[in-house]
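Here are the chains, one letter per residue:
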Amino acid sequence: MKLATAFDPHLVSAKSSVAHTDTLIELLCQEIQAQVKAAPGCVQAVAKRIATEVERICDKSQRIQNSGQIISWQVTLARHRWHKCLRYYQLGSKQGRVELHSCLGAMVYRYISISGSEVGFQARYSLIEDFLQAFYIEAIKVFRRENELPEDYTPRTQLQLAEYMAFTEQYAKRRINLHGGANQQLIILRAQTFARRQPQETSVDFEMAIESAKTEEAESYLRHSAVQQLRSQMIAQQTFDLAEDSERDHVISELVKYLESQGQHDCVEYLVLKLQDLPPLEIDQILGLTNRQRDYLQQRFKYHVEKFARTHQWQLVHQWLGISLDQKLGLSSGQWKHFWSQLSAAQRQILQLKIAKVNDQAIAKILKCTPKQVQKRWTQILELAWEIRNATTKVQIN
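Residues numbered from 1 in each chain as written. Predicted model: local features only at pLDDT ≥ 70, side-chain atom pairs only at ≥ 80, totals over all residues. Heavy atoms only, no water.

Caption draft 1: Quick peek at the overall build of the protein chain. When helices and strands are counted, the protein chain shows 20 helices and two strands. Among the 398 residues that make up the protein chain, the fraction classed as buried is 46%. Expressed as a percentage of contacts within the protein chain between residues at least 6 apart in sequence, the contacts between residues at least 24 apart total 66%. Carbon and sulfur atoms provide 50% of the accessible area of the protein chain, an area that totals close to 22200 Å². (Helix = DSSP H or I, 4+ residues; strand = E, 2+ residues; numbered from the N terminus. Buried < 20%, exposed > 50% of the residue type's maximum accessible area, 1.4 Å probe, protein only. Contact = heavy atoms within 4.5 Å. Areas by Shrake-Rupley, 256 points an atom, 1.4 Å probe, with all protein chains shown as cover.)

Caption draft 2: Structural view of the packing of helix H17 (residues 333-342) against helix H20 (residues 371-389). Two numbers describe how H17 lies on H20: the axes approach to 10 Å, and their chain directions differ by 145 degrees. Every pair of crossing elements has a handedness; the one defined by H17 and H20 is right-handed. Across from Gln335, His338, Phe339 and Gln342 in H17, the residues of H20 making contact are Ile381, Leu384, Ala385, Ile388 and Arg389. Residue composition of the contact of H17 with H20, grouped by class: five nonpolar, three polar and one charged. (Axes fitted to C-alpha atoms, helices over the stretch in contact; angles between N-to-C directions. Left-handed = near helix turned anticlockwise from the far one by under 90°. Nonpolar A, V, L, I, M, F, W, Y, C, P; charged D, E, K, R; others polar.)

Caption draft 3: Representation of the pattern of salt bridges within the structure. In this structure the tally under the stated criterion is 12 salt bridges. For Arg49, the salt bridge identified is with Glu163, shortest N-O distance 2.7 Å. With Arg49 in helix H3 (residues 40-60) and Glu163 in helix H7 (residues 158-172), this pair connects stretches of sequence that are 114 residues apart. Each member of the pair, Arg49 as well as Glu163, is classed as buried. (Salt bridge = Lys/Arg side-chain N within 4 Å of Asp/Glu carboxyl O.)

Caption draft 4: Region of the structure containing unusual backbone geometry. Positive phi outside glycine occurs at Lys357, with the angle close to 65 degrees. Turning to its location among the elements, Lys357 is positioned in the loop between helix H18 (345-355) and helix H19 (360-367). Take Lys357: its relative accessible area is 65%, and that puts it in the exposed class. Although it is not a glycine, Lys368 sits at a positive phi angle of roughly 60 degrees.

Caption draft 5: Region of the structure containing the nonpolar core. Of all hydrophobic cores here, the largest spans 75 residues; its most connected members are Trp82, Leu104, Phe131, Leu159 and Ile187. Per-element tally for this core: the top contributor is helix H5 (residues 70-108), with 14 residues. If near-sequence neighbours (up to four positions away) are discounted, Leu159 is found in contact with Ile32, Val36, Ala38, Cys42, Val43, Val46, Trp82, Cys85 and Tyr89. Counting residues in hydrophobic clusters, the runner-up holds 20 residues, among them Leu329, Ile363, Leu367 and Leu382. (Core = buried A, V, L, I, M, F, W, Y, C linked by side-chain atoms within 4.5 Å.)

Caption draft 6: The arrangement of the packing of aromatic side chains in detail. Evaluation of the coordinates by the stated rule reveals 10 aromatic pairs. Arranged with centres 5.9 Å apart and planes meeting at 5 degrees, the rings of Phe167 and Tyr171 form a pair that is stacked. Placement of the pair is Phe167 and Tyr171 together in helix H7, with a separation of four residues, close to one helical turn. The same class applies to Phe167 and to Tyr171, which are both buried. Taken together through their ring pairs, the aromatic side chains of Phe131, Phe135, Phe143, Tyr153, Tyr164, Phe167, Tyr171 and Phe194 make up a single cluster. In this structure, Arg87 is placed above the aromatic ring of Tyr88, and the distance from its NZ or CZ to the ring centre is 5.5 Å. (Phe/Tyr/Trp six-rings, centres within 6.5 Å; stacked < 30°, edge-to-face > 60°. Lys NZ or Arg CZ within 6 Å of the ring centre and 35° of its normal.)

In structure tokens form, the structure reads like this:
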């Protein structure tokens with residue numbers, strides 16, 4: 001039963017806040033029990049904590065109080081809180097920790113540094129790890145206090161752990177009012193305070209001292225925190241199984257190298273944050289983008305990703321997506337027949353040579369053209385397959 005459809009605010013009596021709470025808890029329990037495997041007592045406790053939290057928020061919000069739709073707001077916020085919790089539950093304890101760590105790491109990485117120093121990746125990574133460990137301790141203490149739990153309470157079941165991780169993410173994103181009417185996310189304020197407390201004498205990065213003997217280009221690459229953050233995914237290495245997403249990681253790593261080679265450092269930062277599944281507004285805030293700058297960045301990012309996927313590393317990307325040449329570029333039999341009929345004689349020859357695994361240099365000799373021309377023609381072939389596969393052509397394919 002979906003919470004949004006199960007709860008009609010107009011059918012609930014406004015006479016008793018207790019009745020409202022009990023109804024909300026009951027509906028949350030139904031939603032939770034339908035989607036997770038947990039003991040009834042655990043489900044009831046989680047539902048009660050979510051209901052209490054959203055009621056606290058609604059009570060403190062003058063805008064909600066003035067809206068005249070308090071119950072509707074409670075339902076909306078409760079559903080939002082539960083879906084956050086469900087996402088971590090579905091990820092599981094290991095991957096859930098990875099996602100949380102990665103998300104928080106992406107939010108604070110540009111704020112964790114040492115004043116007046118060029119901090120290399122290893123030094124920055126260690127600082128972020130120290131900061132996040134302290135932040136997790138703070139979050140569990142706040143979770144216990146706000147939910148009136150014992151001081152020794154520790155999440156033990158998968159549902160409880162998901163609840164804590166969802167709370168930690170939400171706690172990190174709380175907006176704190178500052179002087180002059182401004183506000184900032186709590187975790188960023190904590191990160192800035194943490195960075196200011198770092199002593200200057202700890203700013204020597206021995207890894208960067210060693211790397212400085214290499215070329216300027218290599219040093220710049222190693223120093224770029226966004227690249228290193230993407231490669232490490234901002235997680236504790238001992239809890240991450242590299243085998244699970246090795247193909248995906250390889251594609252991401254090659255994409256980062258390509259973007260760096262094109263001088264698209266801001267696209268790398270954008271990619272890092274997109275991988276954290278952050279909302280667009282939050283990405284804009286982290287990168288400090290105006291609407292116009294964001295649109296321009298997105299256009300460049302799209303252009304380079306498409307170029308990477310169709311030209312630079314098309315074999316790697318197609319293999320990862322399961323649409324390699326051995327699999328007819330991901331086309332069905334009918335689509336492949338239509339695709340073949342759209343090709344010129346020269347394009348068909350290129351396709352046959354590619355299927356036979358002939359390299360571009362050899363194809364160029366056979367066709368009496370340059371390798372660059374072969375690459376351009378092959379890109380056109382891939383674009384046609386892409387259009388047919390994604391049903392963007394106007395031709396009806398039987």
